[in-house]
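Structure assessment
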Amino acid sequence: MSSQPQPAPHPPAPASASAGGDADTLAGAQQLTDVITRLRRALRSSIRSEFPWEALPMAQVELLQTLAASPLRVGELAARQRLAPNTVSGLISKLLDAGLVDRQPDPGDRRTARIALTEAGHQQLRDWQSAHERRLAAALESLTPTDREAVMRALPGLDHLARSLAGTDPTR
């Protein structure tokens, strides 16, 4: 565990701060935002210190993850990632230069191309996933059994939260 001091939790927000929830919900949202931000930052920096090759920006990793399922056109990628097409084009250009993706003819429209992972892209994604899984497993092992169990019990709710934020939760 880190010996760095942890920031104090945010004070509860007044109920009038948002029409979307009560004070407890807002306080929980603030605390969750803080924890997720610190978790992402800690994971990103710990992976980079242990695995110097890990230099892909998260936006590029997310594109590789999306492309792992099947090749897509830039517009489709932009829609799935909720990014502007020119932003995706810039990210794709960097991935093309790195040899992680390539352009393939679109069988449905010869005027456009689909972006697909190369074998190097698949390998980079596997390496990235494996490195993160090892780092998270080590961090989980460092927790008390009670904390580890609490984290694991929270996963289904966090998964529903992620799906709800993405607009893909069929239970909502």
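Our subject in this report is the structure included herewith. (Residues numbered from 1 in each chain as written. Predicted model: local features only at pLDDT ≥ 70, side-chain atom pairs only at ≥ 80, totals over all residues. Heavy atoms only, no water.)

Topic: the overall build of the protein chain
Rules: Numbering of helices and strands runs from the N terminus, with a helix taken as a DSSP run of H or I at least four residues long and a strand as a DSSP run of E at least two residues long. The rule is simple: take the accessible area with a 1.4 Å probe, protein chains only, and divide by the maximum for that residue type; under 20% is buried, over 50% is exposed, in between is partly exposed. Here, residues are in contact when the closest pair of their heavy atoms is within 4.5 Å. Areas reported as accessible are Shrake-Rupley estimates using a 1.4 Å probe. Residue values count occlusion only from the protein chains shown.
Check the secondary structure of the protein chain and you find six helices and two strands. When burial is assessed residue by residue, the protein chain has 24% of its 172 residues classed as buried. Sequence-distant contacts, at least 24 apart, represent 46% of the contacts inside the protein chain between residues at least 6 apart. On the protein chain, roughly 11,500 Å² of surface is accessible, and the fraction owed to carbon and sulfur atoms is 57%.

Topic: the pairing of strand S2 (residues 109-117)
For the record, the criterion: In this analysis, strands are considered paired if DSSP registers two or more bridges between them.
When strand S1 (residues 101-106) meets S2, the two strands line up antiparallel, connected through six bridges. Considered in S2, the bridge of aspartate 102 is made with alanine 116. Two successive antiparallel strands, S1 and S2, enclose a turn made up of two residues.

A look at the packing of helix H2 (residues 58-67) against helix H5 (residues 119-142)
Worth spelling out the cut-off: Every angle, taken between N-to-C directions, lies between 0 and 180 degrees, and every axis is a line fitted to C-alpha atoms, over only the stretch in contact when it is a helix. Just so you know how the angles are binned, under 35 degrees is roughly parallel, over 145 roughly antiparallel, 65 to 115 roughly perpendicular, and the rest oblique. By definition, any crossing whose near helix is turned counterclockwise from its far helix by less than a right angle is left-handed, and any crossing with a clockwise turn is right-handed. In the scheme used here, Gly and all other residues not listed as nonpolar or charged are polar, with Ala, Val, Leu, Ile, Met, Phe, Trp, Tyr, Cys and Pro taken as nonpolar and Asp, Glu, Lys and Arg as charged.
With their axes 10 Å apart at the nearest point, H2 and H5 run at an angle of 115° to one another. Classed by the angle they form, the pair H2 and H5 counts as roughly perpendicular. For H2 against H5, the interelement crossing comes out left-handed. Two secondary-structure elements touch here, H2 through Met58, Val61, Leu64 and Gln65 and H5 through Leu125, Trp128 and Gln129. Residue classes in the contact of H2 with H5 are distributed as five nonpolar, two polar and no charged.

Quick look at the pattern of salt bridges
Inclusion rule: Take a side-chain nitrogen of Lys or Arg and a carboxyl oxygen of Asp or Glu: if they are within 4 Å of each other, that pair is a salt bridge.
This model, assessed by the stated rule, comprises seven salt bridges. Between arginine 73 and aspartate 106 there is a salt bridge; the shortest N-O distance is 3.2 Å. Within this pair, whereas arginine 73 is found in the loop between H2 and helix H3 (74-81), its partner aspartate 106 is found in strand S1, the two being separated by 33 residues in sequence. Between aspartate 159 and arginine 163 there is a salt bridge, and its shortest N-O distance comes to 3.0 Å. Taken as a pair, aspartate 159 and arginine 163 lie in helix H6 (residues 145-166) at a separation of four residues, close to a single helical turn. Each member of the salt-bridge network shares a partner with another, and the members are Arg73, Glu76 and Asp106.

Quick notes on H3
Quick reminder of the rule: Here the arc refers to the set of directions running from the helix axis out to each C-beta atom.
Among all positions of H3, only Val74, Leu77, Ala78 and Gln81 are buried. Across the axial projection of H3, the buried residues extend over an arc of 100°, all falling on one side. Away from its buried face by more than 90 degrees, H3 exposes Ala79 and Arg80. Residue arginine 82 follows H3 closely and has a positive phi angle near 60°.

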